[in-house]
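Residues per chain, in single letters:
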Amino acid sequence: MASNAPGELQELRDLIRAFVVERDWDKFHTPKNLAVSLNVEAGELLEPFQWSTTGGLDELADPQLLHVRHEAADVLIYLIRLADKLGIDLGEAVREKLELNKLKYPADIVRGSARKYTEY
């Protein structure tokens with residue numbers, strides 16, 4: 001993640017960097033390994049939703065919600081670490097992607113529809 005990252009993302013990046021340095025894990029944090037790990041954690045995030053109807057709060061007991069919280073944190077940690085290793089400013093990437101999505105999904109055309117942009 002570039003050094004001009006927004007405050008909280010930069011703070012999280014720095015906390016993650018320090019955690020990794022303290023454990024001498026940087027050598028394991030190749031972009032490929034981080035991308036794989038991010039996907040493993042994203043898969044673990046799905047577990048509490050496996051047999052739910054909507055996955056809403058009314059269907060998640062406290063232990064399941066805690067599981068979701070921790071797995072969401074793992075996903076974010078790996079995403080921030082991957083962006084850091086590749087010099088990606090996540091804030092800027094999100095803004096850029098939203099602009100691209102505005103072109104793919106004009107609000108006046110897609111409002112209320114879940115169809116993919118190639119189906120319009």
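What you see is a predicted model, and the numbers here were worked out from it, not measured in a lab.

Quick notes on the rules
Residues numbered from 1 in each chain as written. Predicted model: local features only at pLDDT ≥ 70, side-chain atom pairs only at ≥ 80, totals over all residues. Heavy atoms only, no water. Core = buried A, V, L, I, M, F, W, Y, C linked by side-chain atoms within 4.5 Å. Buried < 20%, exposed > 50% of the residue type's maximum accessible area, 1.4 Å probe, protein only. Helix = DSSP H or I, 4+ residues; strand = E, 2+ residues; numbered from the N terminus. Patch = residues over 30% accessible without salt bridge, like charges linked within 9 Å, V, L, I, M, F, W, Y side chains within 5 Å. Areas by Shrake-Rupley, 256 points an atom, 1.4 Å probe, with all protein chains shown as cover. Salt bridge = Lys/Arg side-chain N within 4 Å of Asp/Glu carboxyl O. Phe/Tyr/Trp six-rings, centres within 6.5 Å; stacked < 30°, edge-to-face > 60°. Axes fitted to C-alpha atoms, helices over the stretch in contact; angles between N-to-C directions. Parallel < 35°, antiparallel > 145°, perpendicular 65-115°, else oblique. Left-handed = near helix turned anticlockwise from the far one by under 90°. Contact = heavy atoms within 4.5 Å. Nonpolar A, V, L, I, M, F, W, Y, C, P; charged D, E, K, R; others polar.

**Remarks on the nonpolar core**
One finds Ile16, Val20, Ile80, Ala83 and Leu90 forming the largest nonpolar core, which totals 5 residues. If you list the elements that add at least two residues to this core, you get α1 (7–23) and α3 (62–86).

**Quick look at a nonpolar patch on the surface**
There is a patch of nonpolar side chains on the surface, built from Phe19, Trp25 and Phe28 and spanning about 310 Å² of accessible area. When you line up the elements, Trp25 lands in the loop between α1 and α2 (31–46). Residue classification places Trp25 among the partly exposed positions, given a relative accessible area of 36%.

**Details of the packing of aromatic side chains**
Counted under the stated rule, the structure contains 2 aromatic pairs. Judged by centre distance (5.7 Å) and plane angle (70 degrees), the ring pair of Phe19 and Trp25 falls under edge-to-face. Take Phe19: its relative accessible area is 40%, and that puts it in the partly exposed class. Judged by centre distance (5.7 Å) and plane angle (85 degrees), the ring pair of Tyr105 and Tyr117 falls under edge-to-face. Separated by 12 residues along the polypeptide, Tyr105 in the loop between α4 (90–104) and α5 (107–110) and Tyr117 in the segment after α5 bring together distant segments of the chain.

**A look at the environment of Lys116**
Positionally, Lys116 belongs in the segment after α5. Residue Lys116 is classed as partly exposed on the basis of its relative accessible area of 45%. C-alpha separation for the pair Lys116 and Tyr105, spaced 11 residues apart in sequence, amounts to 8.5 Å.

**Brief notes about the packing of α2 against α3**
Across the interface, α2 lies against α3 with an axial gap of 9 Å and an inter-helix angle of 165 degrees. Comparing their axes, α3 and α2 come out roughly antiparallel. With respect to the hand of their crossing, α2 and α3 are arranged in left-handed fashion. Across the interface between the two elements, Pro31, Leu34, Ala35, Ser37, Leu38, Glu41, Ala42, Glu44 and Leu45 of α2 pack against His67, Val68, Glu71, Ala72, Asp74, Val75, Tyr78, Leu79, Arg81, Leu82, Lys85 and Leu86 of α3. For the contact of α2 with α3, the class distribution of residues is 13 nonpolar, 2 polar and 6 charged.

By themselves, these figures tell us nothing about what the structure is for.
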